[in-house]
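Given next are the chains, with one letter for each unit.
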Amino acid sequence: MNLKFSNEKNHLIMKIDGEIDHRYAIQIRNEADKKIVTYPTKDFVIDLTDVTFMDSSGIGVIIGRYKLVTSFGSKVKIVSSNETLGKILEMSGIEKIIPIYTSLTNALV
């Protein structure tokens, strides 16, 4: 698992590569929370384009960051073009509360 943060167009972007499972969920949560609190922005974008596997721990990470970010009055966006991951997000119901984009360019509008 690789985790990178960047700021672009008043968006804090968290890009995750690899697997999101229980082993990495705590690390992702801790690092994301530090960045969200330190660099408040208009939107927080979770880029899952290069995620190869995600279990329920990953869903928990997303929902937890959603609660934190929205408590600051900001919005969360997800980027995912992976069909399998898209089905997991759909089954979890996340798309009902967080918009999902197929590209980072579209999410940064």
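A quick note: this is a predicted structure, and the numbers were derived from the prediction, not measured. (Residues numbered from 1 in each chain as written. Predicted model: local features only at pLDDT ≥ 70, side-chain atom pairs only at ≥ 80, totals over all residues. Heavy atoms only, no water.)

Q: Could you give me a rundown of the pairing of strand β2 (residues 11-20), with the residues and numbers involved?
A: Most of β2 sits out of view: seven of its 10 residues are buried. By the bridge criterion, seven bridges tie strand β1 (residues 2-8) to β2 in an arrangement that is antiparallel. Its bridge partner being in β2, Asn7 is matched across the sheet by Leu12. Taking the residues between adjacent antiparallel strands as the criterion, β1 and β2 are bridged by two residues, where Lys9 takes a positive phi near 50 degrees. Where β2 meets strand β3 (residues 43-54), nine bridges bridge the pair, whose relative direction is parallel. By the bridge assignment, Gly18 is partnered in β3 with Val51. (Buried < 20%, exposed > 50% of the residue type's maximum accessible area, 1.4 Å probe, protein only. Helix = DSSP H or I, 4+ residues; strand = E, 2+ residues; numbered from the N terminus. Pairing = 2+ DSSP bridges.)

Q: Explain the sheet that holds β2 to me, using residue names and the numbers behind them.
A: Taken together, five strands build an open sheet; the order of strands is β1-β2-β3-β4-β5 and the sheet is mixed. Lying at the two open borders of the sheet, with one neighbouring strand each, are β1 and β5 (100-101). Judged from the five bridges that link them, β3 and strand β4 (residues 75-79) form a sheet pairing that is parallel. From the neighbouring strand, Asp47 faces β4, where its bridge partner is Val79.

Q: If you had to explain the pattern of salt bridges to someone new, which residues and values would you point to?
A: Scanning the entire structure with this criterion turns up eight salt bridges. Between Asp47 and Lys15 there is a salt bridge, and its shortest N-O distance comes to 3.8 Å. You can see Asp47 sitting in strand β3 and its partner Lys15 sitting in strand β2, a full 32 residues away along the chain. Judged by its relative accessible area of 23%, Lys15 is partly exposed. Of the charged contacts, one joins Lys77 and Asp43 as a salt bridge, the two residues approaching to 3.4 Å between their closest N and O atoms. Of this pair, Lys77 sits in strand β4 while Asp43 sits in strand β3, and the two are 34 residues apart along the sequence. In this structure Asp43 comes out as buried when scored by relative accessible area, which is 2%. Beyond isolated ion pairs, a larger network of salt bridges with shared partners links Lys15, Asp17, Asp47 and Asp50. (Salt bridge = Lys/Arg side-chain N within 4 Å of Asp/Glu carboxyl O.)

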